[in-house]
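Each chain, letter by letter, is given below.
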Amino acid sequence: MARMLEGKVALITGAGSGIGRASAATFAREGATVMVADLNEAGAEETAASIVANGGRASARRCDVTQRDDVERLVAHTIETYGGLHCAHNNAGVEGEYGRTLDTTEENFDFTYSVNLKGVFLCMQAELSHMLEQGGGRIVNTASIAGLEGAKNLPAYVASKHAVMGLTRTAALEYGPKGIRINAVCPGPIRTPMLEKLVATNPRMEQAAIAAVPVKRLGEPQDIAEAAVWLCSERADFVNGHGLVVDGGMTVGS
Ligand code: NAI
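Predicted model, so just to flag it, every value in this text is computed and none were measured.

K.L.:
How should the site of the ligand be read in this particular structure?
P.N.:
Close to the ligand lie 30 residues, the nearest being Ser-17, Asp-38, Tyr-157, Ile-190 and Thr-192. The contact in question runs from a nitrogen atom of the ligand to an N or O atom on the backbone of Val-65, over 3.0 Å. Side-chain polar atom of Tyr-157 to an oxygen atom of the ligand: 2.7 Å apart, as the coordinates give it. Taken by itself the ligand offers 820 Å² of open surface, and the protein chains cover 92% of this. Elements supplying a minimum of two residues to the shell around the ligand: helix H1 (18–29), helix H5 (155–175) and helix H6 (193–201). A total of three residues in the shell around the ligand trace back to one element, the largest contributor, which is H6. Looking at the shell around the ligand, its residues break down into 15 nonpolar, 12 polar and three charged.

In structure tokens form, the structure reads like this:
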């Protein structure tokens, strides 16, 4: 079967770990050349090296998605290096501190929002400018099932992910007519370092999450990577402004 992203250039943020790392490898598996971006440069280098070792094309770059200059330079560097930018997976995110609304500090709120929301906003602005000139493109933002419903003890995170859904839907309306499709992926609980940090704070969380998932397992980063690649492929050509839930059925009812 033909690969889904042959000849495309993809930029993935938060690709030094977890979901972003699996996404980068999967974009490469499907034929894309991948710019692996992360605040954690060592993690990004490791992801890119593993793609290259498996016969793919990739390179790494440090980028803090909360900084406009960093993001603009990342997009410019991708285009200079690989001649274009066809697909972007805006995935970098933080969980913030665990605690109820009254216990959430302003610092935690601002920090969580700056990475999860402003980061996606800045990335979309830089990517869209180029994709408009290029005449098209595909963007997928990592939201969460916490972008669709409430979740106790993560108020800033939940609010930031709802806002990512708002940005995604709005940009899909604005730029769909220009040949740019913008979607989101909404993961349920996925076994990554982020989830491990939350489980360390609340050890019962892992079993509670598995119990709440109808297919009775945590998700793996690969589950989300496959969805992101599909959303960026021509096979999803009529999918725009959508939040694709990948949660083993956790949110469909109880
Ligand atoms: P992770 O912690 O393994 O990876 C997140 C990556 O983002 C890290 O490599 C980190 O260095 C990077 N990052 C953090 N701040 C950054 C910044 N300012 N600039 C650039 N990179 C930055 O976590 P995971 O689980 O892979 O998370 C990826 C995305 O998936 C996040 O947006 C997260 O909110 C979302 N998500 C995760 C779920 C889970 O259960 N693991 C569930 C739903 C959504």
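Still more ground to cover, so stick around.
K.L.:
Before we go on, may I ask you to explain helix H2 (residues 41–53) in this structure?
P.N.:
Residues separated by three or four positions in an α-helix point in the same direction, a consequence of the helix having 3.6 residues per turn. Its 13 residues give H2 an end-to-end C-alpha distance of 18 Å, which sits within 8% of 18 Å, the value for a rise of 1.5 Å per residue. For H2, the complete set of buried residues consists of Gly-43, Ala-44, Thr-47, Ala-48 and Ile-51. On an axial view of H2, the arc spanned by its buried residues comes to 130°, and they lie on one face. Set apart from the buried face of H2 by more than 90 degrees, the exposed residues are Ala-42 and Ala-53. For H2, the N-terminal cap is Asn-40; the gap from its side-chain oxygen to the backbone nitrogen of Ala-42 is 3.2 Å. One or two steps after H2, the chain reaches Gly-55, where phi turns positive at roughly 90°.

K.L.:
So what exactly am I meant to see when it comes to the packing of H1 against helix H8 (residues 221–231) here?
P.N.:
Relative orientation and spacing of two packed helices are given, respectively, by the angle between their axes and the distance between those axes. Interhelical geometry of H1 versus H8 gives an angle of 50° and a closest axis separation of 8 Å. Taken together, the axes of H1 and H8 lie oblique to each other. Note on packing geometry: the crossing formed by H1 with H8 is right-handed. Residues Gly-18, Ile-19, Ala-22, Ser-23, Thr-26, Phe-27 and Arg-29 of H1 lie in contact with H8, whose contacting residues are Pro-221, Gln-222, Ile-224, Ala-225, Glu-226, Ala-228 and Val-229. Here the residues of the contact of H1 with H8 sort into eight nonpolar, four polar and two charged.

K.L.:
Explanation requested: a negative patch on the surface in the structure shown.
P.N.:
Taken together, the side chains of Glu-97, Glu-106, Glu-107 and Asp-110 present a region of like negative charge at the surface. When you line up the elements, Asp-110 lands in helix H4 (residues 106–134). Residue classification places Asp-110 among the partly exposed residues on the basis of a relative accessible area of 47%.

K.L.:
Where do I start with empty space enclosed by the protein in this structure?
P.N.:
Rolled over the atoms, a probe sized like a water molecule indicates the empty space that remains. Going through the model one piece at a time under the given rule, you end up with one cavity of 30 Å³ or more. In this structure, the largest cavity spans a volume of roughly 30 Å³. Lining the largest cavity are Thr-13, Val-65, Asn-90, Asn-91, Ala-92, Val-115, Gly-119, Val-120 and Cys-123. Per-element accounting of the lining of the largest cavity gives the leading share, four residues, to H4. Split by residue class, the lining of the largest cavity holds five nonpolar, four polar and no charged.

K.L.:
Would you mind showing me how to read the pattern of salt bridges here?
P.N.:
A side chain of one charge can pair with a side chain of the opposite charge if their charged atoms are brought near each other. Within this structure, the stated rule accounts for 13 salt bridges. Ionic pairing is found between Glu-206 and Arg-191, a salt bridge with its closest N-O pair at 3.5 Å. Residue Glu-206 is found in helix H7 (residues 205–212), and its partner Arg-191 is found in the loop between strand E6 (180–187) and H6; the two are separated by 15 residues along the sequence. You can call Arg-191 partly exposed: its relative accessible area is 38%. Connected through salt bridges with shared partners, the residues Arg-29, Glu-30 and Glu-226 form a single ionic network.

K.L.:
Would you mind going over the pairing of E6 with me for this structure?
P.N.:
The side chains of a regular strand alternate, residue by residue, between the two faces of the sheet. The element E6 is largely enclosed, with a buried count of eight among its eight residues. Alternating residues of E6 divide into Ile-180, Ile-182, Ala-184 and Cys-186 and Arg-181, Asn-183, Val-185 and Pro-187, and every residue in both groups is buried. Across six bridges, the pairing between strand E5 (residues 137–142) and E6 is parallel. Its bridge partner being in E6, Ile-139 is matched across the sheet by Ile-182. In the classification by handedness, the crossover that spans E5, the intervening H5 and the parallel E6 is right-handed. As defined by bridge partners, E6 adjoins strand E7 (residues 243–246) across four bridges and the pair is classed as parallel. Each bridged residue has a counterpart across the sheet, and for Ala-184 the counterpart in E7 is Gly-243.

Calculation rules
Residues numbered from 1 in each chain as written. Predicted model: local features only at pLDDT ≥ 70, side-chain atom pairs only at ≥ 80, totals over all residues. Heavy atoms only, no water. Near = heavy atom within 4 Å. Polar contact = N/O pair within 3.5 Å; in protein donor to acceptor, adjacent residues only side chain to side chain. Areas by Shrake-Rupley, 256 points an atom, 1.4 Å probe, with all protein chains shown as cover. Helix = DSSP H or I, 4+ residues; strand = E, 2+ residues; numbered from the N terminus. Nonpolar A, V, L, I, M, F, W, Y, C, P; charged D, E, K, R; others polar. Expected span 1.5 Å × (residues − 1). Buried < 20%, exposed > 50% of the residue type's maximum accessible area, 1.4 Å probe, protein only. Arc of directions from axis to C-beta. Axes fitted to C-alpha atoms, helices over the stretch in contact; angles between N-to-C directions. Parallel < 35°, antiparallel > 145°, perpendicular 65-115°, else oblique. Left-handed = near helix turned anticlockwise from the far one by under 90°. Contact = heavy atoms within 4.5 Å. Patch = residues over 30% accessible without salt bridge, like charges linked within 9 Å, V, L, I, M, F, W, Y side chains within 5 Å. Salt bridge = Lys/Arg side-chain N within 4 Å of Asp/Glu carboxyl O. Lys, Arg positive; Asp, Glu negative; His and termini not counted. Charge placed at Lys NZ, Arg CZ, Asp CG, Glu CD. 1 Å grid on protein atoms, 1.4 Å probe; cavity = no way out; pocket = protein on both sides within 12 Å on 5 of 7 lines; lining within 4 Å. Points joined across faces, edges and corners; volume = space filled by probe spheres on them. Pairing = 2+ DSSP bridges. Right-handed = clockwise from strand over helix to strand, strands pointing away.

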